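Structural description and commentary
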Amino acid sequence: MALTSWLSSWGGTALAAEISEDPGPVFEPLHAGEELLVDPDERYLRQCTPMHFSNGQVSELLFKQSSQDGGKLSGSRSSRCTPEEAYEFRVNTLGKPSAGTWGVTVGDVIGALSRVVDDSGSESAPSPPIPPGHAYLDFRHVKAKADERRLRSTLTIIANRSGPAFLAEV
Amino acid sequence: MAESNEMPASQREVSVPPDSVQDMAQDVPVPYADLKLSGGRFDHGGFPLAGMAELANYQRLVFEVARDLWRQANPGKRLPRRFDDKLNLSMTEFRAGSVIPVMSRNSPLDIPGSPDYGDQAVRYIEEAFARIVSENELPGGISYAAAVAFKRIGSSLGEHELFQFRASSENPVKYSKKLRQRLLGHDTNVESRDGLLVGQIRSLDSFEKKFVLRTPSGDDIEGSYADAQLFEDLHEAHKLPESTTLIRLACTYQYDVEAGVQKIEDVDSVTPFRIEAAGLSERLVTLAGLEDGWGDGDGQPVSLPTLEFVSKIWQALEAQATQPPAIFPTEEGGLQMEWVNQTAHLQVAVDPEVALEVYFLDTGTGEEDFDEPDGIDKLVEFVGRHSLGGRN
């Protein structure tokens, strides 16, 4: 017996209807050339500004998008780029500061109701220089502040539990 | 001022754009300095607001040079009352081509038996810049404050922009960003920076307009300030209790890339703040000194009311035996206190206007909570309700 049928059979009709109607996250269509990451063990790598790493802890601000991000939080995919390469690109090519590289798996991201998309070969890729293996964590489907807060907080717990994938020398 | 740098012999009148007098009522003072800004932003019509800093820098330079001239003629004497006030310049209009700022003095200096040091300062500055352009040399014998003021001229110029003196003459003196960089000696390790410094005032000399700032790490940095009105602020800061009260200076300082801050050249503002947060003081002081543009370039300095409020929150939480949080600055100038363990995350966010948000998530149990508490008591209650098993 399906879960929803079972619920309906003893009176949980409203909840059953809610569950059966929940379509899950409704994402934007992929652009031509974009690739959805599906290997649950692949990691989405993200650079952390030094001020958002303190006492061995990384802030949930690591996953906070800025107004320029447009719902696409930039990072790199681990199958195309090592954590150290991602760090070197940010510091040496972009000239921006970084405390190091943190990562969450694609499976973690899917579990938190989002997705990771490789846009490095698409028309929607960032303007050059493009970080190696550029991929974005998708926030565009997240409409409610509460949902965005939950997504960021979930990934923060995972990132801290995993620890840095590459830590800059101080 | 050294003999070799006495006022130039030229006693020509300050040139006046020919039709500007007609535009002003008869009782309005005559235009004052023959300046022009050209190239880049100044060729697009109107005066760019970002370029206003150049006029403020020029005003400062007139003050400093006039003071030096007065001191040279009156060694050991204090400046007359309202000396600076009488040197205040006002914009009366901007003329096209590129942009000619027409300035006037509100009143003559009018010191019995003395020349008008303001007028002399304008001419001295023109001569000095002619020498800077041709010889890359500041006038010798000028005060430190005047030297700083000379160096600030042109600080906001773009690559193709010019600050011109004697602009309406046949031989205008054209000063550029490149010439300024040559003057500042950018091939050395020392550069002039605008930014924020945090510390406590250890000594203050109102006559010489100098002070010493002791940083949280115990270094003493000598500083000077040009704006006499800052004395009251610095004096108040000097009297503050040492243990918990710090000041944040918005200032221009000499920075050695290898040795750090060497000297404070000038001060724009002085803001005191209190930190009473044992265990978190060092981090909060670090955050107080964050420059505009920290991080990726968009970070705002941390709001001092926010900083003080986080300090108070921590006092209240510490009394509940809460473990210290990690504290992070937000791009908008707020702060976040965060605790995390294997499955849960708790955060207290204080925005730059000191509005509060608290959030808790436990991915193990699915428990989630959010609030916008209207005071510290409710915040403490929230944090106490969501213990993270030793992290808070």
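Residues numbered from 1 in each chain as written. Chains lettered and ligands numbered in written order. Predicted model: local features only at pLDDT ≥ 70, side-chain atom pairs only at ≥ 80, totals over all residues. Heavy atoms only, no water.

Scanning chain A from N- to C-terminus turns up 5 helices and 9 strands. The N-to-C order of helical and strand elements in chain A reads α-α-β-β-β-β-β-α-β-α-β-β-α-β. For chain A, buried positions account for 47% of its 170 residues. (Helix = DSSP H or I, 4+ residues; strand = E, 2+ residues; numbered from the N terminus. Buried < 20%, exposed > 50% of the residue type's maximum accessible area, 1.4 Å probe, protein only.)

Moving on: unusual backbone geometry. Residue and element names in this part refer to chain A. Pro-128 connects to Pro-129 through a cis peptide bond whose omega is 0 degrees. In this structure, Pro-129 sits in the loop between β7 (116–118) and β8 (134–138). Phi at Leu-113 is positive, roughly 70 degrees, even though this residue is not glycine. Note that Leu-113 resides in the loop between α4 (106–111) and β7.

Each partner contributes residues to the interface: chain A has 26 residues there, and chain B has 33 residues. Taken over both partners, the interface formed by chain A and chain B buries close to 2200 Å², and the fraction arising from carbon and sulfur atoms is 53%. Taken together, chain A and chain B are joined by 2 salt bridges. A salt bridge links Arg-150 of chain A to Glu-368 of chain B, with the nearest nitrogen and oxygen atoms 3.1 Å apart. In this structure, the connection of chain A to chain B is made through 11 residue pairs in polar contact (both at pLDDT 80 or more). For the side of chain A that touches chain B, the secondary structure elements donating two or more residues are β3 (53–54), β4 (57–58) and α5 (145–162) of chain A. When grouped by side-chain class, the residues that make up the side of chain A that touches chain B number 7 nonpolar, 12 polar and 7 charged. (Contact = heavy atoms within 4.5 Å. Buried area = accessible area lost by both parts, 1.4 Å probe. Salt bridge = Lys/Arg side-chain N within 4 Å of Asp/Glu carboxyl O. Polar contact = N/O pair within 3.5 Å; in protein donor to acceptor, adjacent residues only side chain to side chain. Nonpolar A, V, L, I, M, F, W, Y, C, P; charged D, E, K, R; others polar.)

So, about the packing of aromatic side chains. Overall, the coordinates contain 11 aromatic pairs over all chains when judged by the stated rule. When the centroid spacing of 6.4 Å and the interplanar angle of 35 degrees are considered together, the rings of Tyr-58 of chain B and Phe-163 of chain B count as tilted. Residue Tyr-58 of chain B is located in helix α1 (residues 52–73), and its partner Phe-163 of chain B is located in strand β4 (residues 162–165); the two are separated by 105 residues in the primary sequence. Side by side, Tyr-58 of chain B and Phe-163 of chain B carry an identical accessibility label, which is buried. Note on Phe-129 of chain B and Phe-165 of chain B: the rings are 4.4 Å apart at their centroids and 15 degrees apart in plane angle, and the pair reads as stacked. With Phe-129 of chain B in helix α2 (residues 117–135) and Phe-165 of chain B in strand β4, this pair connects stretches of sequence that are 36 residues apart. Accessibility assignment for this pair places Phe-129 of chain B and Phe-165 of chain B in one class, buried. When the ring centre of Phe-370 of chain B is taken as reference, the NZ or CZ atom of Arg-149 of chain A above it lies at 3.6 Å. Across the ring face of Tyr-255 of chain B, the terminal group of Arg-193 of chain B is positioned such that the distance to the ring centre comes to 3.8 Å. (Phe/Tyr/Trp six-rings, centres within 6.5 Å; stacked < 30°, edge-to-face > 60°. Lys NZ or Arg CZ within 6 Å of the ring centre and 35° of its normal.)

Let us look at the sheet that holds strand β11 (residues 326–329) of chain B. Residues and elements named next belong to chain B. What the 5 strands build is an open sheet, ordered β11-β12-β13-β14-β15; its pairing is antiparallel. Every interior strand has two partners, whereas the edge strands, β11 and β15 (368–371), have only one. Averaged over all pairs of adjacent strands, the angle between strand axes in this sheet comes to 15 degrees, irrespective of strand direction. Where strand β14 (residues 356–362) meets β15, 4 bridges bridge the pair, whose relative direction is antiparallel. Residue Tyr-359 lies in a different strand from β15, and its bridge partner there is Phe-370. (Pairing = 2+ DSSP bridges. Axes fitted to C-alpha atoms, helices over the stretch in contact; angles between N-to-C directions.)

What follows is about the pattern of salt bridges. What the rule picks out here adds up to 29 salt bridges over all chains. Note that Asp-266 of chain B and Arg-152 of chain B form a salt bridge whose closest N and O atoms lie 3.0 Å from each other. Placement of Asp-266 of chain B in strand β10 (residues 260–274) and of Arg-152 of chain B in helix α3 (residues 144–152) is noted, with a sequence separation of 114 residues between them. Per residue, the accessibility class of Asp-266 of chain B equals that of Arg-152 of chain B, and both read buried. Taking the shortest distance from any N to any O, the salt bridge between Glu-236 of chain B and Lys-239 of chain B comes out at 3.3 Å. With a gap of 3 residues between them, Glu-236 of chain B and Lys-239 of chain B both fall in helix α5 (residues 230–239), about one helical turn apart. Within the structure, one salt-bridge network assembled from shared partners comprises Glu-35, Glu-42, Arg-77, Arg-80 and Asp-118 of chain A.

All names here are of chain B. Per-residue pLDDT for chain B averages 84, and the proportion of residues at 70 or more is 89%. Predicted confidence is poor over residues 1–30, with pLDDT under 50, and the contacts of this stretch with residues over four places away or in other chains come to 53 contacts. The ipTM, which scores confidence in the relative placement of chains, is 0.88 for this predicted complex, and the corresponding pTM is 0.65. (pLDDT = per-residue confidence, 0-100.)

Another aspect to go through is the pairing of β10 of chain B. Residues and elements named next belong to chain B. Note: strand β9 (residues 245–256) against β10, 12 bridges, orientation antiparallel. Bridged to Ala-250 within β10 is Ser-269. Linking β9 to β10, which pair antiparallel, is a turn of 3 residues.

This next bit is on the environment of Glu-368 of chain B. Mapping Glu-368 of chain B onto the fold places it in strand β15. With a relative accessible area of 32%, Glu-368 of chain B lands in the partly exposed category. Distance in space between the C-alpha atoms of Glu-368 of chain B and His-386 of chain B is 9.7 Å, their sequence separation being 18 residues. The residues contacting Glu-368 of chain B, other than those within four sequence positions of it, are Ala-146 and Arg-150 of chain A together with Tyr-359, Phe-360 and Leu-361 of chain B. There is a polar contact of 3.1 Å between the side chain of Glu-368 of chain B and the side chain of Arg-150 of chain A.

Here Asp-34 of chain B shows up in the segment before β1 (35–38). Side chain to side chain, Asp-34 of chain B and Ser-168 of chain B meet in a polar contact 2.7 Å long.

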